[in-house]
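A structural walkthrough
The residues making up each chain are set out below.
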2 protein chains.
Amino acid sequence: MLISSKDNEIVKEIKKLKEKKFRKEKYLVEGLKMLKEAINENQDIELIILKDGINLDFDVSNYKVITVTENLFNTLSDVVTPQGVLAVIKKKVCEKINDADFLVALDGLQDPGNLGTIIRTLDSANINQIIVSKNTVDCYSPKVIRSTMGAIYRVNVIETDSLKDTLINLNKNGYEVLITALDGKKSIYDIDYNKKVIVIGNEANGVSDEIKNLDFTKIKIPMLGKTESLNASVATGIIIYEYVRQKIK
Amino acid sequence: MLISSKDNEIVKEIKKLKEKKFRKEKYLVEGLKMLKEAINENQDIELIILKDGINLDFDVSNYKVITVTENLFNTLSDVVTPQGVLAVIKKKVCEKINDADFLVALDGLQDPGNLGTIIRTLDSANINQIIVSKNTVDCYSPKVIRSTMGAIYRVNVIETDSLKDTLINLNKNGYEVLITALDGKKSIYDIDYNKKVIVIGNEANGVSDEIKNLDFTKIKIPMLGKTESLNASVATGIIIYEYVRQKIK
């Protein structure tokens, strides 16, 4: 059956997922690669939405699939030139931080592209969790999901009501908390990355005062030129790969 | 005098700068920070364009300034919420590669945000030039300029008609050319960054076959997880900062 009406109940439910407040339990992913990866990674796929006329070169007969008209599909899509494939995925509920060598916590990061890129970089380093403060951009927004290139399926997002309490608790449990700051005294290259939590702040303002005022070490990436700050996802990538470098050497 | 007509000759000239083909000699920058940096960095500022009602907290009396109506300004701006400041800057002509420890060459990079971020990262490492192939996205597009956060004023862009010839020449002149490739054999951590040119490819396809087939070493960032590739600006940042790490240690 081809759905063409914007008043269709299923379509209305899908459209709601464009807003954060309706993404408590599930979220929308878009594109062939994202759907393929969702299947490969055994995600809980609630529904696949295809644009009329789209043929997939892989099997989706195990899933619930609906087909909608091109016009209707375009109202659901988040991109300028849609591939004609969307899926509704159930979130994995994960509130517990697993024991690890290396953790990244985000304190108010705002750019969806940066967040998605950080999740992608973490996954490339086999770090499968990320801690985010309440005021960090939503990990399940379409642009974040896109920028993860599928890594969202493998990285658990742990949202914390109080990043401060979470960091204090991690510290009690044997982690050293390291706060990135442009005026940090310790270089990221002078750290042994073992049982560390790295805190990354907001693009414009850095780590919040509440967190910065905690009695934890401030670290910085040593810079040689006139540009005084790096893009947040690049800075995070540089620190994650310093961890990787030490791990493999 | 307040300009309100879209048919004003100056306004028409400014608007042309939105298209690459008219940016041979000059380009447009937007926002307070970009204008301030242009002044600080002694750029050749041909014209400053202010939205009616905008007051600057710094002196621009040495420059040619025009004021335009809000509606007209919005047609010139490239952003959703303009600050009301634009400037026309003359390009610095630079065709010669200066002798350096470390060079980055881009082979068909397409995302303006990635390019701007790479220029910003280079500047932070005090690397003041970048080599770009003809088919790399235009360094002077508004989105690239924005992402450089002002670093564009300090990094010379050297566009080459034949990246292949440029790399072969650099090699003859004592540089080792290192090509990033997902199937590279040598780790970026097993390299002594002295007289090196790093080639970064297109986001989707990597370095072009023409360049990859040259007899130069292929290098890769060792990855530990399932994500097999990094965002291009993150990957470039990781390599640039491995150079920095070695330089300062």
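Model, not experiment: these values are computed from the prediction.

Cut-off values and rules
Numbers given for residues are sequential positions, taken from 1 along each chain in its written order. Whichever chain is written first is A, and whichever ligand is written first is 1; the rest continue in order. Only residues with pLDDT of at least 70 get local features here, since the model is predicted, and only at 80 or more are side-chain atom pairs given and counted; chain-wide, interface and lining totals rely on the full set of residues. As a rule here, side-chain values cover all heavy atoms of the structure and leave hydrogens and water aside. Numbering of helices and strands runs from the N terminus, with a helix taken as a DSSP run of H or I at least four residues long and a strand as a DSSP run of E at least two residues long. As a reference, a globule follows 2.2 Å times the number of residues to the power 0.38, and the radius of gyration itself is taken over C-alpha atoms. Relative accessibility thresholds used throughout: buried, under 20% of the residue-type maximum; exposed, over 50%; partly exposed, between the two (1.4 Å probe, protein chains only). The contact criterion used throughout is that any non-hydrogen atoms of two residues lie within 4.5 Å. Surface accessibility in these figures is a Shrake-Rupley result with a 1.4 Å probe; residues are shielded only by whichever protein chains are displayed. Neither His nor the chain ends contribute to the count of charged residues, in which Lys and Arg are positive and Asp and Glu negative. In plain terms, the charge of a residue is placed at NZ if it is Lys, CZ if Arg, CG if Asp and CD if Glu. By definition, two strands form a pair when at least two bridges between them are found by DSSP. Computed with a 1.4 Å rolling probe, the buried area is the accessible surface lost when two parts are put together, summed over both parts. Salt bridge, as used here, is a side-chain nitrogen of Lys or Arg placed within 4 Å of a carboxyl oxygen of Asp or Glu. Pairs of N or O atoms within 3.5 Å make up the polar contacts considered here, provided that, within protein, one atom can donate a hydrogen while the other can accept it, and that residues adjacent in sequence are counted only when both atoms are side-chain atoms. Domain extents, as shown, originate in an automatic or database domain assignment. Only the stretch in contact is used when a helix axis is fitted, and all axes are lines through C-alpha atoms; the angle between N-to-C directions ranges over 0 to 180 degrees. The copies were overlaid with a least-squares fit restricted to C-alpha atoms from residues scoring a pLDDT of at least 70 in each copy. A right-handed crossover is one whose linking path, passing over the helix from the first strand to the second, runs clockwise when the strands point away from the viewer.

A few points about the overall build of chain A
A count of helical and extended segments in chain A gives 8 helices and 12 strands. Taking 2.2 N^0.38 as the reference for a compact globule, 249 residues should give roughly 18 Å; the C-alpha atoms of chain A span a radius of gyration of 20 Å, in line with that estimate. Oriented by its inertia axes, the alpha-carbon framework of chain A measures out at about 65 × 35 × 35 Å. Within chain A, the fraction of its 249 residues that count as buried is 55%. In chain A, of all internal contacts separated by at least 6 residues, the share reaching a separation of at least 24 is 76%. When the accessible area of chain A is evaluated, it comes to approximately 11,600 Å², of which 45% is carbon and sulfur surface. Averaged over its 36 positive side-chain charges, chain A has a centre that lies 1 Å from the centre of its 35 negative ones.

Some points on the pairing of strand E9 (residues 176-180) of chain B
All names here are of chain B. The element E9 is largely enclosed, with a buried count of 4 among its 5 residues. Of the pairings in the sheet, the one linking E9 to strand E11 (residues 196-200) comprises 4 bridges and is parallel in character. Following the sheet pairing, glutamate 176 is matched in E11 by lysine 196. Bridge count for E9 against strand E12 (residues 217-220) is 3 bridges, and the pairing is parallel. Paired with isoleucine 179 across the strands is lysine 218, a residue of E12.

A short note on the interface of chain A and chain B
Contacts between the two partners involve 31 residues from chain A and, on the opposite side, 31 residues from chain B. In total, about 2,700 Å² of surface goes out of reach between chain A and chain B, with carbon and sulfur atoms giving 63% of it. By the criterion of area lost to chain B, the three top residues of chain A are A:Arg120, A:Leu224 and A:Tyr241, representing 23% of everything that side buries. We note a salt bridge from B:Lys226 to A:Glu41, for which the minimum N-O separation is 3.0 Å. Between the two partners, chain A and chain B, sit 16 residue pairs in polar contact (both at pLDDT 80 or more). Broken down by element, the residue count for the side of chain A that touches chain B peaks at 10 residues, all from helix H8 (residues 232-248) of chain A.

Considerations on the domain arrangement of chain A
Residues and elements named next belong to chain A. Domain annotation for chain A reports domain 1 (2-90) and domain 2 (102-248). Centre-to-centre, using C-alpha coordinates, domain 1 lies 31 Å away from domain 2. Domain 1 puts 14 residues into the contact, and the matching count from domain 2 is 14 residues. Together, the buried faces of domain 1 and domain 2 total about 1,300 Å²; carbon and sulfur atoms form 57% of this surface.

Notes on the environment of A:Asp107
Residues and elements named next belong to chain A. With respect to the helices, strands and loops of the structure, aspartate 107 is situated in the loop between strand E6 (102-106) and helix H4 (112-124). In this structure, the C-alpha to C-alpha distance between aspartate 107 and leucine 163, residues 56 residues apart in sequence, is 7.4 Å. Apart from the residues lying within four places of it in its own chain, the contact partners of aspartate 107 are Ser133, Asn135, Thr136, Leu163, Val199, Ile200, Gly201, Asn202, Gly206, Val207, Ser208 and Ile211. There is a polar contact of 2.8 Å between the side chain of aspartate 107 and the side chain of serine 208.

Observations regarding the sheet that holds strand E4 (residues 65-68) of chain A
All names here are of chain A. Strand order in the open sheet made by the 5 strands is E1-E4-E3-E5-E2, with mixed pairing throughout. Each end of this open sheet is capped by a strand with a single partner; those strands are strand E1 (2-3) and strand E2 (26-30). Two elements, strand E3 (residues 45-51) and strand E5 (residues 85-90), share 5 bridges in a ladder whose sense is antiparallel. Counted as the bridge partner of leucine 50 is valine 85 from E5.

Brief notes about the side chain of B:Ser77
Within the secondary structure layout, B:Ser77 lies in the loop between helix H3 (70-76) and strand E5 (85-90). In contact with B:Ser77, other than residues within four places in its own chain, are B:Lys18, B:Glu30, B:Pro82 and B:Leu86.

Side note on the sheet that holds E6(A)
All names here are of chain A. An order of E8-E7-E6-E11-E9-E12-E10 is seen for the 7 strands of this open sheet, with the pairing classed as parallel. Taken across any chain shown, the strands that pair with only one partner, and hence form the sheet edges, are strand E8 (156-160) and strand E10 (186-187). Sheet topology places E6 next to strand E11 (residues 196-200); 5 bridges connect them, and they run parallel. Residue valine 104 lies in a different strand from E11, and its bridge partner there is isoleucine 198. Where H4 meets the sheet, it contacts E6 and strand E7 (129-133), and its direction lies at approximately 155 degrees from that of E7. Strand contacts of H8: E6, strand E9 (176-180) and E11, with the helix running at about 170 degrees to E6, the strand carrying the most contacts.

Details of the relation of the copies chain A and chain B
Once chain A has been moved 0.0 Å along the axis and rotated by 180 degrees, it coincides with chain B to within an RMSD of 0.0 Å. Classification of the inter-copy transformation places it as that of a two-fold axis. The residues that chain A uses at the interface reappear at the interface of chain B in 100% of cases, marking a shared surface.

Looking at the pattern of salt bridges
Going through the model one piece at a time under the given rule, you end up with 37 salt bridges over all chains. Between A:Lys212 and A:Asp183 there is a salt bridge, with the nearest N and O atoms lying 3.5 Å from each other. One end of the pair, A:Lys212, is in helix H7 (residues 209-212); the other, A:Asp183, is in the loop between E9 and E10, with 29 residues separating them in the sequence. The partner of B:Asp161 in a salt bridge is B:Lys134, and the shortest N-O contact between them spans 3.2 Å. Of this pair, B:Asp161 sits in the loop between strand E8 (156-160) and helix H6 (163-172) while B:Lys134 sits in the loop between strand E7 (129-133) and helix H5 (142-148), and the two are 27 residues apart along the sequence.

With respect to the pairing of E7(B)
For a regular strand, side-chain orientation follows a simple rule: the groups alternate between the two sheet faces. Residues and elements named next belong to chain B. Burial analysis of E7 places 5 of its 5 residues in the buried class, which makes it a mostly covered element. Because side chains alternate across E7, one face comprises the buried residues Gln129, Ile131 and Ser133, and the other comprises Ile130 and Val132, equally buried. Relative to E7, strand E6 (residues 102-106) runs parallel, the two sharing 2 bridges. Within E7, the position partnered with alanine 105 by the bridge is isoleucine 131. As a crossover connection, the stretch from E6 through helix H4 (residues 112-124) into E7 is right-handed. Two elements, E7 and E8, share 5 bridges in a ladder whose sense is parallel. What sits directly across from serine 133, in E8, is threonine 160. Regarding the hand of the β-α-β motif, the stretch spanning E7, H5 and E8 is right-handed.

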